[in-house]
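# Observations on the three-dimensional arrangement
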Amino acid sequence: MSGLESLEALAPQAAAQPAAPVHVQKLDAHGRAYATGKRKDAVARVWVKPGSGRITVNDKEYTAYFARPVLQMILKQPIVAANRDGQFDVIATVVGGGLSGQAGAVRHGISKALTYYEPELRGVLKKGGFLTRDARVVERKKYGKRKARRSFQFSKR
């Protein structure tokens, strides 16, 4: 079998591979994109719609809900990375976990909702790592231990 014949034999297999998935816009009846974001124990429900750039978390302005500037920066990362600052209004409800986990959950939700509203932003947000669900959670406590891994203090006598 020559090299040309082997290439011809592989050609039908290459054509049979499925094409890359096509991402389409997903909007609700009100013209909003909805997504769920998760981080640690926090779960955020996020709606994105065109607007003036207002971000509301649990019926409060995001600067009032997340007082620390680091958490506000985390929240805005996907919008800034996509160059859409001031173009979308974000409404989020978040429950569970602490403030850091909630900020990460809202960021994850905003990223997913932006890709549902504008599928062409997916590449930029994926490269920034905003679409990946951070799976790290608190390790459970084991019996015979003081915490997850910490043992009780050893006493010789």
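Everything in this summary refers to the structure shown in the same document.

The next point concerns unusual backbone geometry. Residue Lys40 is not a glycine yet carries a positive backbone phi of 50 degrees. Residue placement: Lys40 occurs in the loop between strand 1 (33-39) and strand 2 (42-50). One non-glycine residue, Asp59, lies in the positive phi region at around 60 degrees. By secondary structure assignment, the location of Asp59 is in the loop between strand 3 (55-57) and strand 4 (60-61).

Bringing the packing of aromatic side chains into the picture now. The geometry of an aromatic ring pair comes down to the distance between the two centres and the angle between the two planes. Scanning all chains against the criterion turns up three aromatic pairs. Between Tyr34 and Trp47, the ring centres sit 5.1 Å apart and the planes meet at 45 degrees, which makes this aromatic pair tilted. Here Trp47 lies in strand 2 and Tyr34 lies in strand 1, a separation of 13 residues in the sequence. A relative accessible area of 33% places Tyr34 in the partly exposed class. A centroid spacing of 4.9 Å and a plane angle of 85 degrees characterise the contact between Tyr65 and Phe66, whose relative ring orientation is edge-to-face. Across the pair, Phe66 and Tyr65 agree in class, each one buried.

Moving on, we come to the pairing of strand 2. Here strand 1 pairs with strand 2 via seven bridges, running antiparallel. Residue pairing for strand 2: Lys38 is matched across the bridge by Val43. Counting the residues that bridge the hairpin from strand 1 to strand 2 gives two residues, and of these Lys40 lies at a positive phi of roughly 50 degrees. With eight bridges connecting them, strand 2 and strand 5 (residues 88-95) associate as antiparallel partners.

Conventions we followed
Residues numbered from 1 in each chain as written. Predicted model: local features only at pLDDT ≥ 70, side-chain atom pairs only at ≥ 80, totals over all residues. Heavy atoms only, no water. Helix = DSSP H or I, 4+ residues; strand = E, 2+ residues; numbered from the N terminus. Phe/Tyr/Trp six-rings, centres within 6.5 Å; stacked < 30°, edge-to-face > 60°. Buried < 20%, exposed > 50% of the residue type's maximum accessible area, 1.4 Å probe, protein only. Pairing = 2+ DSSP bridges.

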